[in-house]
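Working through the structure, step by step
Next come the chains, spelled out residue by residue.
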Amino acid sequence: QVQLVESGGDLVQAGGSLRLSCAASGSIFRINVMAWYRQAAGKQRELVGHISSGGSANYADSVKGRFTISRDNAKNTVYLQMNSLKPEDTAVYYCYANVRADGSYIDRTYWGQGTQVTVSS
């Protein structure tokens, strides 16, 4: 079994910065793509951005130029650096990973439990 645990959510003022982390643990053979999603109250979950195992990242237009996704493959961890935060960035942020577990022949997707980010105006 694989677990994803996010951390770093907080209350921050508009214009501020936060860094989220998501660590994967368990019987992991390989982690493929990792991603960050977010879900604001009353809205559908949306993709913030994703990063390949090789480190190539892509972003939603709403966060491009403000957010940066990175990963440390040795630590099975993905990060989301959020700068110039806006009130509309307020949401629960979820980590996603596509993983090949030890002894498995298929890739499975896993989600973290979510971490709250609140941006005050």
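Preceding this section is the structure that the text describes.
Residue positions are given per chain, counting from 1 as you read along its sequence in written order. Thresholds applied to this predicted model are a pLDDT of at least 70 for local features of residues and 80 or more for the giving and counting of side-chain atom pairs; totals over whole chains, interfaces and linings are not thresholded and use all residues. Side-chain numbers here rest on the full set of heavy atoms in the structure, without hydrogens or water.

**Thoughts on the overall build of the protein**
Each helix and strand counted, the protein has 0 helices and 11 strands in total. Helix and strand assignments follow DSSP, with helices taken as H or I runs no shorter than four residues and strands as E runs no shorter than two, numbered in order from the N terminus. Scanning the protein from its N terminus toward the C terminus, one meets helices and strands in the order β-β-β-β-β-β-β-β-β-β-β. Only the C-alpha atoms count toward the radius of gyration. The rule for a globule is 2.2 Å times the residue count to the power 0.38. Compactness check: the protein gives a C-alpha radius of gyration of 14 Å against a globular reference of 14 Å for 121 residues, within 12% of the reference. For the protein, the C-alpha atoms occupy an extent of roughly 50 × 25 × 20 Å along the three principal directions. Here the protein, with 121 residues, has 40% of them falling under the buried criterion. When contacts within the protein are restricted to residue pairs at least 6 apart in sequence, long-range pairs at least 24 apart make up 56% of them. Per-residue and other accessible areas were derived by the Shrake-Rupley procedure at a 1.4 Å probe size, with only the shown protein chains allowed to occlude residues. Surface exposure of the protein reaches about 6,400 Å², of which carbon and sulfur atoms provide 46%. Under this rule, positive means Lys or Arg and negative means Asp or Glu; His and the chain ends count for nothing. We put the charge of a Lys on NZ, of an Arg on CZ, of an Asp on CG and of a Glu on CD. Distance from the positive charge centre (12 side chains) to the negative charge centre (9 side chains) of the protein: 3 Å. For every residue, the accessible area (1.4 Å probe, protein chains only) is compared with the maximum for its type, and the residue is labelled buried under 20%, exposed over 50%, or partly exposed between those bounds. Contact between two residues is taken to exist if any of their heavy atoms lie within 4.5 Å; hydrogens are not considered.

**Observations concerning the sheet that holds strand S3 (residues 18–26)**
The sheet built from 4 strands is open, its strands ordered S1-S3-S8-S7 with antiparallel pairing. In the strand order of this sheet, the two ends are held by strand S1 (2–7) and strand S7 (67–72), each with one partner. The mean inter-strand angle of the sheet, taken between neighbouring strand axes irrespective of direction, is 15°. In the sheet, S3 pairs with strand S8 (residues 77–82) via 6 bridges, with the strands oriented antiparallel. Counted as the bridge partner of Ser-21 is Tyr-79 from S8. Pairs of strands are assigned from DSSP output, requiring at least two bridges between the strands. Note on method: axes are straight lines fitted to C-alpha atoms, helices fitted across the in-contact stretch only, with angles between N-to-C directions ranging 0 to 180 degrees.

**Some details on the pattern of salt bridges**
Throughout this description, the term salt bridge denotes a Lys or Arg side-chain nitrogen within 4 Å of a carboxyl oxygen of Asp or Glu. Throughout the structure, instances matching the rule amount to 6 salt bridges. With its nearest N and O atoms 3.6 Å apart, the salt bridge here joins Arg-30 to Asp-107. Remark: Asp-107 occurs in strand S10 (residues 107–111) and Arg-30 occurs in strand S4 (residues 28–39); sequence separation between them is 77 residues. Taking the shortest distance from any N to any O, the salt bridge between Asp-61 and Lys-64 comes out at 3.1 Å. It is possible to trace a salt-bridge network through shared partners that takes in Arg-38, Glu-46, Arg-66 and Asp-89.

**Regarding the state of the cysteines**
Disulfides are defined in this document as cysteine sulfur pairs within 2.5 Å. Summed over all chains, the structure comprises 1 disulfide. Between the sulfur atoms of Cys-22 and its disulfide mate Cys-95 the distance is 2.1 Å. Between Cys-22 and Cys-95, the S-S torsion sits near -80°, and that sign places the bridge as left-handed. One end of the pair, Cys-22, is in strand S3; the other, Cys-95, is in strand S9 (residues 91–101), with 73 residues separating them in the sequence. The residues Cys-22 and Cys-95 share a single accessibility class, namely buried.

Taken by themselves, the reported measurements are silent on function.
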